[in-house]
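This is what each chain is made of:
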Amino acid sequence: MIKNKYLPEGSLISTHENKEYLSSLQGLERARIEGKILEGMVLKCDSKTLSLQLDLYGIKGLIYKEESLYGAPIKDIAIITRVGKAVAFKVMQIEKDENGSPYAILSRREAQRECMENYVMDLIPGDIIPAKITHFEPFGAFLDIGCGISSLMSIDSVSVSRIETPRDRFLDHEELKVVVKSIDYETGRVYASTKELFGTWQENADNYQAGQTVFGIVRSIESYGIFVELAPNLAGLAELKEGVEVGDGCAVYIKSIMPEKMKIKLVIIDTYDQIPIDKKKYYFVDADKVSHISSWRYSPPSSQKIVEQIFDK
C-alpha cells in the first residue's frame, strides 16, 4: 500500500503548512504552481450559480459548481451541504475583481481527481486506510476516504454483533480506520468494513470467563432469548426477561463459554440506561502500524463453522 497523503476533508485545515499557503497571495500563487492540495472552510453558497465561497485569510476563494465534485453527476444538495464544512481544493487561477481586489479560483474537482488517480485506484482489498463518517443511512454509513471522495460501509460490515443502525456503533463525523473490503476499478467506488479490526471470536472471548458479571448492550430480542453484545464482535444469548428493551445497558452473568459452537450463555441481572463505551479498547489491529491484512478468520480453530474473509486472492 502506498503512503497516504490524501486524507479526509478537515484533516489539513488546521495544519501549519495549510495556513502558511493560505496566509498570503504569494502563498496561494506558490500553491497554484506546485499543484498543492489545500483546505478551507466554506462560508456561503450562491443561490443562483451554486458557487461556493471561502475566506482564505482575507482573500476570497471561489469554487464554481462544475468544479465542486469529480466523477459523478453534481446534485445541488451535495453542493449546498458543504457550507460550514472544510473542503479540499487546488488553486487554479488568481484573478482581480472590478475593484482590483484579488480572488482565487479554486477546484475541489481537481483535488479529488488527483486523489482518485494517485491513491484510490492503487488501493487493494485488505488495505487499512483512514476515513471519516459523513452521514448515516439505515443500510450503512457513508465515508470520506480522501479529499471528499465517498465510500460506503454497509451495516453488515460494521461489526459481527448485529446493530439496528450504524449510529449504534459510531458518531457523526467520527474519524476511524477501515479495511478496503472491495473496490470497483471501473467506477472507483470503494466498499469499506470495520469488523475485521474488532478482533476474532476467540480474541474477544479471552477477555471474559464463566462466572463473571459484566456489562453488555441488548441488541435484539427473539422468542427464544435476548442477544446481548459484550463487544462489537462478540455477543451472547441470554434467557428472556420482562422489561428488557433493545438498546438497554445491562449487567449479565456469564454461565458458559463454548468456543466450538461460538456461543456464550448469559443471564441478565439488571438493566439500565446505556453508558458511553470507550471503543478504542475493542480494536485488535493497530492500524497505525499495520497497513494491510491478507485474510481474517473470525471463527476459532475448534469451531466446525468457518467464518472468514480472504482479501488476497
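Provided above is the structure to which this section pertains.
Residues numbered from 1 in each chain as written. Predicted model: local features only at pLDDT ≥ 70, side-chain atom pairs only at ≥ 80, totals over all residues. Heavy atoms only, no water.

## Some details on the sheet that holds strand S7 (residues 140–144)
Here is step 1: Taken in spatial order, the five strands line up as S6-S7-S8-S10-S9 and close into a barrel, and their pairing is mixed. Going across the sheet, the axis of each strand differs from the next one's by a mean of 50 degrees, ignoring polarity.
Here is step 2: Looking at chain direction, strand S6 (residues 128–137) and S7 are connected through five bridges and run antiparallel. Directly across from Ile133, in S7, lies its bridge partner Leu143. (Pairing = 2+ DSSP bridges. Helix = DSSP H or I, 4+ residues; strand = E, 2+ residues; numbered from the N terminus. Axes fitted to C-alpha atoms, helices over the stretch in contact; angles between N-to-C directions.)

## Concerning the pairing of strand S12 (residues 225–231)
Here is step 1: Burial within S12 is extensive, with six of its seven residues counted as buried.
Here is step 2: Judged from the five bridges that link them, strand S11 (residues 213–222) and S12 form a sheet pairing that is antiparallel. Each bridged residue has a counterpart across the sheet, and for Ile221 the counterpart in S12 is Ile226.
Here is step 3: Direction of pairing for S12 relative to strand S13 (residues 234–238): antiparallel, over a ladder of five bridges. Among the inter-strand pairings, Ile226 is bridged to a residue of S13, identified as Ala238. (Buried < 20%, exposed > 50% of the residue type's maximum accessible area, 1.4 Å probe, protein only.)

## Here we look at the pattern of salt bridges
Here is step 1: Considering all chains together, one arrives at 15 salt bridges under this definition.
Here is step 2: Glu17 is the salt-bridge partner of Lys36, the closest N and O atoms lying 3.3 Å from each other. Here Glu17 lies in helix H1 (residues 16–22) and Lys36 lies in the loop between helix H2 (25–34) and strand S1 (37–45), a separation of 19 residues in the sequence.
Here is step 3: Glu114 is the salt-bridge partner of Lys90, the closest N and O atoms lying 2.5 Å from each other. In this pair, Lys90 sits in strand S4 (residues 86–96) while Glu114 sits in helix H4 (residues 108–118), placing the two residues 24 residues apart along the sequence. The two residues Lys90 and Glu114 agree in class, both being buried.
Here is step 4: Bridged by salt links that share partners, the residues Arg109, Glu110, Arg113 and Glu117 form one connected network. (Salt bridge = Lys/Arg side-chain N within 4 Å of Asp/Glu carboxyl O.)

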